[in-house]
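Here is how the chains run, residue by residue.
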Amino acid sequence: MSTDPAYFTRMYEGSDDPWGFRSRWYERRKRDLTLACLPLERYARAFEPGCSVGMLTRDLAPRCAHLEALDPVPAAVEQARHEVAGSDHVRVAQGRVPRHWPEGTFDLVVLSEMLYYFDDAELHAVMGRTLASARPGATVVAVHWRHPAEGHVRTGDEVHRILSGVPELSRTVGHVEADFLMDAFTVRPREGTGP
Ligand SMILES: C[S@@+](CC[C@H](N)C(=O)[O-])C[C@H]1O[C@@H](n2cnc3c(N)ncnc32)[C@H](O)[C@@H]1O
């Protein structure tokens with residue numbers, strides 16, 4: 001079973017910023033590394049599901065002509081909107097992947113500290129929607145804590161092992177630390193769309 005949606009609501013009832021994205025050096029450094037892993041300087045249209053309080057959204061914004069962010073918890077959405085206020089090219093919506101997925105295609109999908117909340121069926125659906133909405137040559141970046149943790153259905157190591165086996169993804173960056181893994185993939189051109 002995927003993580004109970006009520007778990008996330010409870011997390012934000014206990015704290016404005018339950019994972020310390022604003023306050024922790026660990027999180028700030030991880031965001032900087034995530035941005036450094038993106039092979040292109042600029043992206044036309046990016047999607048960041050599970051944006052939480054919007055710190056990564058805020059940092060991604062200058063690299064994107066358009067950025068869609070999404071989180072199911074209203075308290076998170078409100079903070080994320082505040083974080084990117086004035087950036088008209090960023091839209092923060094309330095919703096839950098894989099069910100809610102913005103229309104159109106993307107050249108960047110950011111899956112940061114998200115995929116270990118999904119059981120096999122939902123993870124498969126999220127990756128299916130990622131690949132269906134990714135333009136050929138798009139970047140998919142994944143970042144996950146490695147150790148077992150409350151609320152996680154699987155470890156980050158398992159998530160990245162699964163991603164490494166997705167035939168449509170070719171890894172261009174692999175960053176390994178004791179506590180987290182970060183991979184950037186390029187979406188291979190679909191058959192018949194290559195040169
Ligand atoms: C650990 S935070 C990750 C924050 C951000 N991606 C980062 O790495 O800085 C996980 C977030 O995912 C959200 N979330 C949980 N299930 C989700 C789903 N099915 N779709 C979108 N977001 C979800 C939670 O509400 C929470 O804000």
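Residues numbered from 1 in each chain as written. Predicted model: local features only at pLDDT ≥ 70, side-chain atom pairs only at ≥ 80, totals over all residues. Heavy atoms only, no water.

Chemist: Please clarify how the environment of Val141 should be interpreted in this entry.
Modeler: In this fold, Val141 is placed in strand S5 (residues 134-145). Val141 sits 42 residues away from Asp183 along the chain, and the two C-alpha atoms are 5.8 Å apart. Excluding residues that lie within four positions of it along the chain, Val141 makes contacts with Thr34, Leu38, Leu108, Val109, Val110, Leu111, Asp183 and Ala184. (Helix = DSSP H or I, 4+ residues; strand = E, 2+ residues; numbered from the N terminus. Contact = heavy atoms within 4.5 Å.)

Chemist: Sorry, what's going on with the sheet that holds strand S6 (residues 169-176) here?
Modeler: Strand pairing in a sheet relies on backbone hydrogen bonds. The paired strands run either parallel or antiparallel. Read across the open sheet, the seven strands follow the order S3-S2-S1-S4-S5-S7-S6; overall the sheet is mixed. Of all the strands in the sheet, just strand S3 (90-94) and S6 have a single pairing partner and so form its edges. Adjacent strand axes in the sheet meet at a mean angle of 15°, parallel and antiparallel pairs treated alike. Here strand S2 (residues 67-71) runs beside S3; their pairing, made up of five bridges, is parallel. Considered in S3, the bridge of Leu67 is made with Val90. Contacting S2 and S3, helix H4 (residues 74-83) runs over the sheet at an angle of about 170° to S3. (Pairing = 2+ DSSP bridges. Axes fitted to C-alpha atoms, helices over the stretch in contact; angles between N-to-C directions.)

Chemist: Help me out: how do you make sense of the layout of surface pockets in this one?
Modeler: In this approach, a probe sized like a water molecule rolls over the atoms, and the result shows the empty space that is left. By volume, the largest pocket amounts to about 810 Å³. What lines the largest pocket is a set of 42 residues, and nearest its centre among them are Phe8, Trp19, Glu113, Met114 and Tyr117. If you tally residues by element for the lining of the largest pocket, the top one is helix H2 (residues 25-37), at five residues. When grouped by side-chain class, the residues that make up the lining of the largest pocket number 22 nonpolar, nine polar and 11 charged. (1 Å grid on protein atoms, 1.4 Å probe; cavity = no way out; pocket = protein on both sides within 12 Å on 5 of 7 lines; lining within 4 Å. Points joined across faces, edges and corners; volume = space filled by probe spheres on them. Nonpolar A, V, L, I, M, F, W, Y, C, P; charged D, E, K, R; others polar.)

Chemist: Just checking my understanding: could you explain H4 for this structure?
Modeler: One turn of the α-helix equals 3.6 residues, which is why residues spaced by three or four share an orientation. Turning to H4, its buried residues are Ala76, Val77, Gln79 and Ala80. The buried residues of H4 occupy an angular sector of 165° when projected down its axis, which confines them to one face. Turned more than 90 degrees off the buried face of H4, the exposed positions are Glu78 and His82. Turning to H4, the residues buried within the fold contact helix H1 (5-14), S2 and S3. (Buried < 20%, exposed > 50% of the residue type's maximum accessible area, 1.4 Å probe, protein only. Arc of directions from axis to C-beta.)

Chemist: What am I meant to see in H1 here?
Modeler: Along H1, the residues classified as buried are Tyr7, Phe8 and Tyr12. One side of H1 holds all its buried residues, which, seen down the axis, span an arc of 130°. Exposed and oriented more than 90 degrees from the buried face of H1 are Arg10, Glu13 and Gly14. As for H1, its buried residues are in contact with S2 and H4.

Chemist: Any chance you could explain the site of the ligand here in plain terms?
Modeler: By nearness alone, 16 residues border the ligand, and Tyr12, Gly50, Asp71, Val97 and Ser112 come closest of all. At 2.7 Å, a side-chain N or O of Asp71 approaches an oxygen atom of the ligand. One nitrogen or oxygen atom from the side chain of Ser112 is found 2.5 Å from an oxygen atom belonging to the ligand. Here the ligand loses 97% of its free accessible area of 610 Å² to cover by the protein chains. (Near = heavy atom within 4 Å. Polar contact = N/O pair within 3.5 Å; in protein donor to acceptor, adjacent residues only side chain to side chain. Areas by Shrake-Rupley, 256 points an atom, 1.4 Å probe, with all protein chains shown as cover.)

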